[in-house]
Amino acid sequence: MGMNLAEKILSEHLTAGKMIPGEDIAIKIDQTLTQDATGTMAYLQFEALGLKKVKTELSVSYVDHNMLQASFENADDHQYLQSVAAKYGIYFSRPGNGICHQVHLERFGVPGKTMLGSDSHTPTSGGIGMIAIGAGGLDVAVAMGGGPFYMKMPEIINVRLTGKLKPFVTAKDIILEVLRILTVKGGVGKIIEYGGPGVASLSIPERATITNMGAELGATTSVFPTDERTREYLSFQKRVKAYRKLEADPDARYSRIVEIDLNKLEPLIARPHSPDNVIEVRKLKNVAVNQVCVGSCTNSSLSDLLVTAKLLKGKRVHPGVSMTVTPGSKQVFEAIAASGALTEIIAAGARIIESACGPCIGMGQAPGSGGVSVRSFNRNFPGRSGTKDANVYLASPETCVAAALAGKIADPRKLGKYPRIVLPKTIKIDDSGILPPSKTPAKVEIKRGPNIAPLPLNKPMADSITGEVLLKVGDNITTDHIMPAGAKVLPLRSNIPKISEFVYYLVDADFSKRAKEKGGGFIVGGDNYGQGSSREHAALAPMYLGIKLVAVKSFARIHLANLINFGILPAIFADPGDYDKIGQGDRLELPDIKVAIAKKKTVEVFNKTGNQKYILKIDHLTERQRTIIIAGGLLNYTRSGGN
Ligand code: MIC
Ligand code: SF4
């Protein structure tokens with residue numbers, strides 16, 4: 001029987017287990033990527049491993065998130081990251097060089113390789129045929145140390161593309177359609193493998209837009225086959241040697257096939273506050289818009305910005321709209337400057353932002369109160385823009401421009417003839433924004449500013465635990481709810497005691513105070529708990545506050561792994577109906593929990609307040625994960641000789 005593409009790449013990297021969906025496997029990791037907001041923790045953890053050098057083929061440390069330097073914290077962290085990279089054999093992409101995923105695709109992605117990145121949009125490089133997976137910083141630190149990455153073998157879903165996109169219908173509309181079909185939890189435990197005759201018509205940046213937003217499906221990763229378009233892209237990047245032809249065998253099998261006829265697609269838009277809340281743009285009438293943002297790791301490639309410029313050319317942004325444009329990388333920035341496209345964007349009245357995540361993560365450009373923002377980004381979770389009551393819509397750059405010009409959500413097909421974009425034949429390749437590691441690492445001193453607080457460690461699991469339900473939340477809780485980002489909180493990423501004050505603060509401003517007063521406790525949640533980002537701070541900071549158990553109906557993949565890594569027991573209601581019986585403030589008792597974690601498939605919970613008993617499942621935990629939780633997290637486990 002033939003293999004699909006994901007199986008082929010995974011089998012080349014398999015170090016343990018059988019590739020049967022749901023079975024535990026371990027894979028060798030060739031490349032790692034970190035960004036600054038998760039990187040400081042990842043490198044503190046790497047340092048704690050006591051190694052001289054990374055053991056991967058390639059590791060890159062990017063600075064793209066914490067770019068506003070309103071005070072000393074971010075600049076201090078950048079210096080720390082630069083010195084760590086120089087010392088431990090890691091390439092360092094300087095602030096200003098671009099958004100990690102865009103730069104990685106351009107300069108480092110290699111078809112057929114595996115990558116682990118401390119950012120949930122790491123699968124962007126799946127556009128070039130990599131198996132690129134997002135994970136918590138600690139997992140990435142372990143991978144840099146040469147350790148394999150453990151996961152459950154995902155099911156492989158095939159999205160079969162046929163036909164060709166019509167003018168003004170884009171790659172963004174393809175992934176929005178996939179989100180409409182599969183929803184934000186439809187990809188959990190799955191790899192999305194694209195195929196079919198429609199693939200050939202998509203450029204690499206277009207494929208990367210699609211694999212990037214596979215993160216919004218909750219998927220482990222997404223991957224495209226490679227072909228002549230891949231070769232062209234690599235040759236454009238003067239890296240044609242990295243090309244390798246990769247495709248599924250003709251008789252490959254998939255757990256499900258989703259067919260999308262590109263001819264039938266039309267411009268789509270995700271409404272507040274979820275990327276799967278998708279509707280046709282034409283159906284939204286009279287939605288006035290205050291802000292439009294083009295950029296982010298999902299839509300900031302050269303062609304995205306060239307089309308933005310062409311559509312804006314000679315026109316003016318509506319007086320009621322503030323429009324921002326963010327080039328994804330220094331390469332894109334220089335190219336739009338050289339071609340004159342930048343001038344057209346500026347002339348139309350858009351505001352230009354440096355190559356970074358920027359508004360996507362609430363690092364500036366928060367909309368006004370109650371504001372409507374249309375963005376070419378990938379997430380529109382509540383509060384993420386920096387404004388609690390803002391309404392964020394997600395759409396293609398083309399739809400963004402239509403909104404910017406009309407002052408309201410508008411069908412881009414009304415903009416006239418689709419402009420012809422001609423990419424330059426060659427592009428200036430200048431890697432001066434990427435610093436190679438030092439040739440004399442022994443001489444490099446690590447620079448640690450006062451913003452970097454020591455890493456807190458958890459205690460081993462007690463024999464029995466009691467505590468209060470400190471918070472009860474609903475379905476699809478995102479890590480942006482648990483550990484908000486934004487310009488105020490992000491600079492505290494290297495300081496767990498300080499950042500822990502913001503846990504759940506947009507949901508319940510007293511949460512952190514209450515957790516401290518009660519000496520920790522439990523969290524109860526619904527389905528798809530912890531979707532969204534890879535930030536391990538959403539587990540690490542609750543751990544610091546004494547959270548011992550998170551009981552939910554189901555988990556998102558990366559957050560589940562992060563809870564385990566920090567020694568918090570992630571348990572699932574055996575009877576989802578029990579969720580309704582538990583109330584916030586209830587006192588729970590989990591007797592003999594340590595023995596149960598070590599040996600059983602379930603744990604018993606006694607609700608002292610409601611006088612009830614519930615059963616929580618823990619059979620999703622592997623033996624290794626159980627030992628990690630009992631040890632009080634992966635760092636304790638590794639220190640005591642576990643691997
Ligand atoms: C995001 O898009 O939410 C982030 C910010 O890039 C996160 C990482 C982080 O929180 O630092 C992600 O996607 O993993
Ligand atoms: Fe940055 Fe936004 Fe991409 Fe996250 S989703 S890496 S914040 S651009």
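Up top is the structure.
Description of the structure in this document.

Calculation notes
- Residues numbered from 1 in each chain as written.
- Chains lettered and ligands numbered in written order.
- Predicted model: local features only at pLDDT ≥ 70, side-chain atom pairs only at ≥ 80, totals over all residues.
- Heavy atoms only, no water.
- Helix = DSSP H or I, 4+ residues; strand = E, 2+ residues; numbered from the N terminus.
- Rg over C-alpha atoms; globule rule 2.2 N^0.38 Å.
- Buried < 20%, exposed > 50% of the residue type's maximum accessible area, 1.4 Å probe, protein only.
- Contact = heavy atoms within 4.5 Å.
- Areas by Shrake-Rupley, 256 points an atom, 1.4 Å probe, with all protein chains shown as cover.
- Lys, Arg positive; Asp, Glu negative; His and termini not counted.
- Charge placed at Lys NZ, Arg CZ, Asp CG, Glu CD.
- Pairing = 2+ DSSP bridges.
- Right-handed = clockwise from strand over helix to strand, strands pointing away.
- Salt bridge = Lys/Arg side-chain N within 4 Å of Asp/Glu carboxyl O.
- Near = heavy atom within 4 Å.
- 1 Å grid on protein atoms, 1.4 Å probe; cavity = no way out; pocket = protein on both sides within 12 Å on 5 of 7 lines; lining within 4 Å.
- Sits in = over half its atoms within 2 Å of the grid points.
- Polar contact = N/O pair within 3.5 Å; in protein donor to acceptor, adjacent residues only side chain to side chain.
- Nonpolar A, V, L, I, M, F, W, Y, C, P; charged D, E, K, R; others polar.
- Phe/Tyr/Trp six-rings, centres within 6.5 Å; stacked < 30°, edge-to-face > 60°.
- Lys NZ or Arg CZ within 6 Å of the ring centre and 35° of its normal.
- Arc of directions from axis to C-beta.
- Axes fitted to C-alpha atoms, helices over the stretch in contact; angles between N-to-C directions.
- Left-handed = near helix turned anticlockwise from the far one by under 90°.
- Core = buried A, V, L, I, M, F, W, Y, C linked by side-chain atoms within 4.5 Å.

## Some words on the overall build of the protein
- Tallying secondary structure elements over the protein gives 22 helices and 27 strands in all.
- The C-alpha atoms of the protein give a radius of gyration of 24 Å, which matches the 26 Å a tight globule of 643 residues would have.
- For the protein, the spread of C-alpha atoms along the principal axes amounts to about 70 × 55 × 55 Å.
- Across the 643 residues in the protein, those meeting the buried criterion constitute 63%.
- Looking at the protein alone, contacts between residues at least 24 apart form 76% of all its contacts between residues at least 6 apart.
- Just so you have it, the protein exposes about 23,100 Å², and 51% of that area is on carbon and sulfur atoms.
- Once the 79 positive and 61 negative side-chain charges of the protein are each reduced to a mean point, those two points are 3 Å apart.

## A look at the pairing of strand β16 (residues 322–325)
- Across four bridges, strand β15 (residues 291–294) lies against β16 in parallel orientation. Across the sheet, V292 pairs through a bridge with M323, a residue of β16.
- As for the winding sense of the linkage, the β-α-β connection from β15 through helix α9 (residues 302–312) to β16 is right-handed.
- Across two bridges, β16 lies against strand β17 (residues 351–352) in parallel orientation. Each bridged residue has a counterpart across the sheet, and for T324 the counterpart in β17 is R351.

## Remarks on the side chain of E73
- Its place among the elements puts E73 in helix α3 (residues 72–88).
- Buried and unpaired, E73 has K498 as its nearest opposite-charge partner, separated by 5.6 Å.
- With residues near it in sequence (within four places) discarded, E73 still touches N451 and P491.

## Re the site of ligand 2
- In the region of ligand 2, the neighbouring residues are H65, H101, D119, H121, S296, C297, C357, C360, I361, N378 and R384.
- More than half of the atoms of ligand 2 fall within 2 Å of the grid points belonging to the largest cavity.

## Overview of the environment of V321
- If you trace the backbone, V321 turns up in the loop between α9 and β16.
- With 28 residues separating them in the primary sequence, V321 and G349 have C-alpha atoms 9.8 Å apart.
- When neighbours within four sequence positions are excluded, V321 is seen to be in contact with V289, N290, Q291, V292, A403, A404 and G407.

## Notes on the pairing of strand β23 (residues 547–552)
- Most of β23 is tucked away, with five of its six residues classed as buried.
- Of the pairings in the sheet, the one linking strand β22 (residues 521–524) to β23 comprises four bridges and is parallel in character. Looking across to β23, one finds that V524 is bridged to A551.
- Crossover β22 to β23 through helix α17 (residues 537–544) is right-handed.

## Quick look at the site of ligand 1
- Around ligand 1 lies a shell of 14 residues, among which D119, S120, R493, S534 and R535 are the nearest.
- Between ligand 1 and D119, the relevant distance is 2.7 Å, taken from an oxygen atom to a side-chain nitrogen or oxygen of the residue.
- Here an oxygen atom of ligand 1 sits 2.6 Å away from a polar atom, N or O, in the side chain of R535.
- With the chains in place, 97% of the 330 Å² that ligand 1 exposes on its own is no longer accessible.
- Among the residues making up the shell around ligand 1, the classes are represented as two nonpolar, seven polar and five charged.

## Focus on the packing of aromatic side chains
- The full count for this structure, using the stated rule, is eight aromatic pairs.
- Here F168 and Y418 contribute two aromatic rings whose centre-to-centre distance is 4.7 Å and whose plane-to-plane angle is 90 degrees, an arrangement assigned as edge-to-face. Of this pair, F168 sits in the loop between β9 (155–162) and α6 (171–182) while Y418 sits in the loop between α12 (397–406) and β20 (434–435), and the two are 250 residues apart along the sequence.
- Positioned over the ring face of Y579 is K553, at 4.5 Å from the centre of the ring.
- Of note, R624 hangs over the ring of Y150, and the distance from its end group to the ring centre comes to 3.8 Å.

## Describing helix α10 (residues 330–339)
- Turning to α10, its buried residues are Q331, V332, A335 and I336. The buried residues of α10 occupy an angular sector of 125 degrees when projected down its axis, which confines them to one face.
- Residues of α10 that are buried sit in contact with α4 (100–107), α9 and α11 (341–347).
- G340 sits one or two residues past α10 and shows a positive phi near 90 degrees.

## Here we look at the packing of α9 against α10
- For the pair α9 and α10, interaxial distance at closest approach is 10 Å and the crossing angle is 35 degrees. For α9 against α10, the interelement crossing comes out right-handed. Two secondary-structure elements touch here, α9 through L302, L305 and L306 and α10 through V332, A335, I336 and S339.

## A look at the nonpolar core
- With 103 residues, the main nonpolar core has Y504, F511, Y529, V550, L569 and L590 as its most contacted residues.
- Sequence-distant contacts of L590, defined by excluding residues within four places in its chain, comprise S464, I465, F522, L549, V603, E604 and V605.
- Among the nonpolar cores identified, the runner-up in size contains 40 residues, and F236, I269, M323 and I427 belong to it.

## Things to note about the sheet that holds strand β7 (residues 131–134)
- Taken in spatial order, the six strands make up an open sheet running β7-β6-β3-β4-β5-β20, and their pairing is mixed. With partners counted over all chains shown, the strands left at the sheet margins are β7 and β20, one partner each.
- As defined by bridge partners, strand β3 (residues 31–35) adjoins strand β6 (residues 114–117) across three bridges and the pair is classed as parallel. Residue L33 lies in a different strand from β6, and its bridge partner there is G117.
- Contacts from helix α2 (residues 36–48) reach β3 and β4 (58–62), with the element oriented near 115 degrees to β3.
- In the packing of α3 onto the sheet, contacts are made with β4, β5 (91–93) and β20, and the angle to β5 comes to roughly 155 degrees.

## Here we look at the sheet that holds strand β25 (residues 587–590)
- Within the closed barrel, the seven strands sit side by side as β21-β22-β23-β24-β27-β26-β25. Their pairing is mixed. Neighbour to neighbour, the strand axes of the sheet diverge by 35 degrees on average, direction disregarded.
- Pairing between strand β24 (residues 569–573) and strand β27 (residues 612–617): two bridges, direction antiparallel. By the bridge assignment, F573 is partnered in β27 with L616.

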